[in-house]
Amino acid sequence: MESFHTQYSETVMEHFKNPRNVGEILDADGIGNVGNPVCGDIMRLYIKVKDNRITDAKFKTFGCGAAIATSSMVTEIVKGKTIEEALQVSNRAVAEALGGLPKVKMHCSVLAEEALKSAIDDYLKKNKK
Ligand code: FES
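Draft legend 1. Examining the overall build of the protein chain more closely. The secondary structure content of the protein chain amounts to 5 helices and 3 strands. Reading the protein chain from its N terminus to its C terminus gives the helix and strand order α-β-β-β-α-α-α-α. Compactness check: the protein chain gives a C-alpha radius of gyration of 14 Å against a globular reference of 14 Å for 129 residues, within 12% of the reference. If one aligns the C-alpha atoms of the protein chain with their principal axes, the spans along those axes are about 55 × 30 × 25 Å. Sequence separation of at least 24 residues holds for 60% of the intrachain contacts in the protein chain that already meet a minimum separation of 6. In the structure as shown, the protein chain presents an accessible area of about 7100 Å², 53% of it carried by carbon and sulfur atoms. Taken together, the 18 basic and 17 acidic charged side chains of the protein chain have centroids lying 2 Å from each other.

Dropping the structure here:
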């Protein structure tokens, strides 16, 4: 039988054990809140934006290991990206950057993509001219 560890890539395990960018940004320009009604996991993602570019991103996730690893990776991926570029970041890209996820855990990466989109949405709404 496959052990728990062999189902996950080393990168997933590394981001799960040492998640990057955990916390909140008190003066965030955009905040995204999402949840998965099936598993009950929730994710909050904060972004800081300057001149249309994401300069910082942090997260708080109450959820499974894959949700924590994907939150960690998505915050790393979007830092330095323009809003338009960040909107193109898909859950698949996040999962690929983690060296893949077991099929049953792909929905966790969807939560990370949705949290990012929700934070960008919040930023765009607040900055409507
Ligand atoms: Fe809920 Fe992973 S099991 S996000």
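Draft legend 2. Spotlight on the pattern of salt bridges. Within this structure, the stated rule accounts for 8 salt bridges. The shortest N-O distance in the salt bridge between K117 and E113 comes to 2.8 Å. Here K117 and its partner E113 are both found in helix α5 (residues 106-126), 4 residues apart, which amounts to about one turn of the helix. K117 gets classed as partly exposed once you look at its relative accessible area, which sits at 27%. Here D122 and K126 are joined by a salt bridge, their closest N and O atoms 2.9 Å apart. Highlighted residues: D122 and K126, both in helix α5, separated by 4 residues, approximately one helical turn.

Draft legend 3. Structural detail: the sheet that holds strand β1 (residues 30-35). Strand order in this open sheet of 3 strands is β1-β2-β3, and the pairing throughout is antiparallel. Edge strands, defined here as strands with exactly one partner in the open sheet, are β1 and β3 (53-62). Strand-to-strand, the axes of this sheet are offset by a mean angle of 15°, without reference to chain direction. As defined by bridge partners, strand β2 (residues 42-50) adjoins β3 across 9 bridges and the pair is classed as antiparallel. Bridged to I42 within β3 is F62. Sitting on the sheet, helix α2 (residues 65-78) touches β2 and β3, and the angle it makes with β3 is about 170°.

Draft legend 4. Molecular detail of the environment of R44. Following the sequence through the fold, R44 ends up in strand β2. In this structure, the C-alpha to C-alpha distance between R44 and D121, residues 77 residues apart in sequence, is 13 Å. Residues contacting R44, with those up to four places away along its chain left out, are I31, G32, N33, K58, F59 and K60. Polar side-chain contacts of R44 include one of 2.6 Å to the side chain of N33.

Calculation criteria
- Residues numbered from 1 in each chain as written.
- Predicted model: local features only at pLDDT ≥ 70, side-chain atom pairs only at ≥ 80, totals over all residues.
- Heavy atoms only, no water.
- Helix = DSSP H or I, 4+ residues; strand = E, 2+ residues; numbered from the N terminus.
- Rg over C-alpha atoms; globule rule 2.2 N^0.38 Å.
- Contact = heavy atoms within 4.5 Å.
- Areas by Shrake-Rupley, 256 points an atom, 1.4 Å probe, with all protein chains shown as cover.
- Lys, Arg positive; Asp, Glu negative; His and termini not counted.
- Charge placed at Lys NZ, Arg CZ, Asp CG, Glu CD.
- Salt bridge = Lys/Arg side-chain N within 4 Å of Asp/Glu carboxyl O.
- Buried < 20%, exposed > 50% of the residue type's maximum accessible area, 1.4 Å probe, protein only.
- Pairing = 2+ DSSP bridges.
- Axes fitted to C-alpha atoms, helices over the stretch in contact; angles between N-to-C directions.
- Polar contact = N/O pair within 3.5 Å; in protein donor to acceptor, adjacent residues only side chain to side chain.

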